[in-house]
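Here are the chains, one letter per residue:
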Amino acid sequence: MRCRRSPVQNAVWRGSGNGLQIVISNIEKKDRGEYCCRLSDGKRATEKCFELTVKEPIAFLDTPTEQVATENQAYVIKCEVTGDPTPEIQWKVRGQLWKGK
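Under an unreviewed UniProt entry, the name given to the chain is Neogenin, and the organism recorded is Frankliniella fusca.

Here's what the structure looks like:
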């Protein structure tokens with residue numbers, strides 16, 4: 001049994017019986033991509049490939065928990081987020097989903 005992938009840091013290969021595992025202790029976005037495992041008994045060979053997707057958790061960036069505006073003035077309410085895949089943002093105002101104007 002032979003597996004291939006560009007070098008992955010923080011990875012340990014473990015195998016016993018009829019299996020082989022890659023254990024990645026601290027997975028990162030750079031570890032995503034195609035991984036393939038090739039099996040051969042000397043006469044026949046087969047390969048199984050899959051795409052590894054690494055998601056980034058959703059996090060709020062510059063989004064203060066309290067925002068103060070002055071009456072009769074324009075104000076931009078901030079809600080900045082990050083994540084992969086890109087999160088969908090929805091607004092609720094006083095408990096009701098806001099669809100905008």
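Read on for the rest.
**Focus: the overall build of the chain**
Check the secondary structure of the chain and you find zero helices and nine strands. Expressed as a percentage of its 101 residues, the buried residues of the chain come to 9%. Within the chain, contacts between residues at least 6 apart in sequence are counted, and of these 31% link residues at least 24 apart. Entry remark: accessible area of the chain is about 9100 Å², with carbon and sulfur atoms responsible for 49%.

**Some words on the packing of aromatic side chains**
Tallied over the entire structure, the rule returns one aromatic pair. Ring centres of Y35 and F50 lie 5.8 Å apart, and the angle between their planes is 15 degrees; this geometry places the pair in the stacked category. Highlighted residues: Y35 in strand β4 (residues 33-40) and F50 in strand β5 (residues 45-52), separated in sequence by 15 residues.

**Re the state of the cysteines**
Within the structure shown, the criterion is met by one disulfide. Linked covalently through their sulfurs, C36 and C49 form a disulfide whose S-S length is 2.0 Å. Across the disulfide from C36 to C49, rotation about the S-S bond amounts to roughly 110 degrees, and the bridge is consequently right-handed. Here C36 is found in strand β4, whereas its partner C49 is found in strand β5, with 13 residues between them in sequence. By relative accessible area, C49 is classed as partly exposed at 31%.

Conventions used here
Throughout this description, residue numbers start from 1 for each chain and increase along the sequence as written. Local features in this predicted model are restricted to residues of pLDDT 70 or higher, and side-chain atom pairs are both shown and tallied only at a pLDDT of 80 or more, whereas totals for entire chains, interfaces and linings draw on every residue. Hydrogens and waters are ignored; side-chain quantities use all the structure's heavy atoms. The helix count covers DSSP runs of H or I at least four residues long, the strand count covers runs of E at least two residues long, and both are numbered beginning at the N terminus. Accessibility here uses a 1.4 Å probe with only protein chains present; expressed as a share of the type maximum, an area under 20% marks a residue as buried, one over 50% as exposed, and anything in between as partly exposed. Contacts are residue-level and defined by heavy atoms, with any inter-residue pair within 4.5 Å sufficient. Per-residue accessibility takes into account occlusion by the displayed protein chains alone, with areas from the Shrake-Rupley method and a 1.4 Å probe. In this scheme Phe, Tyr and Trp rings, the latter by its six-membered ring, pair at centre separations within 6.5 Å, and the angle between planes marks the pair as stacked below 30 degrees, edge-to-face above 60, and tilted otherwise. In this description, a disulfide is simply a cysteine sulfur pair whose atoms lie within 2.5 Å.

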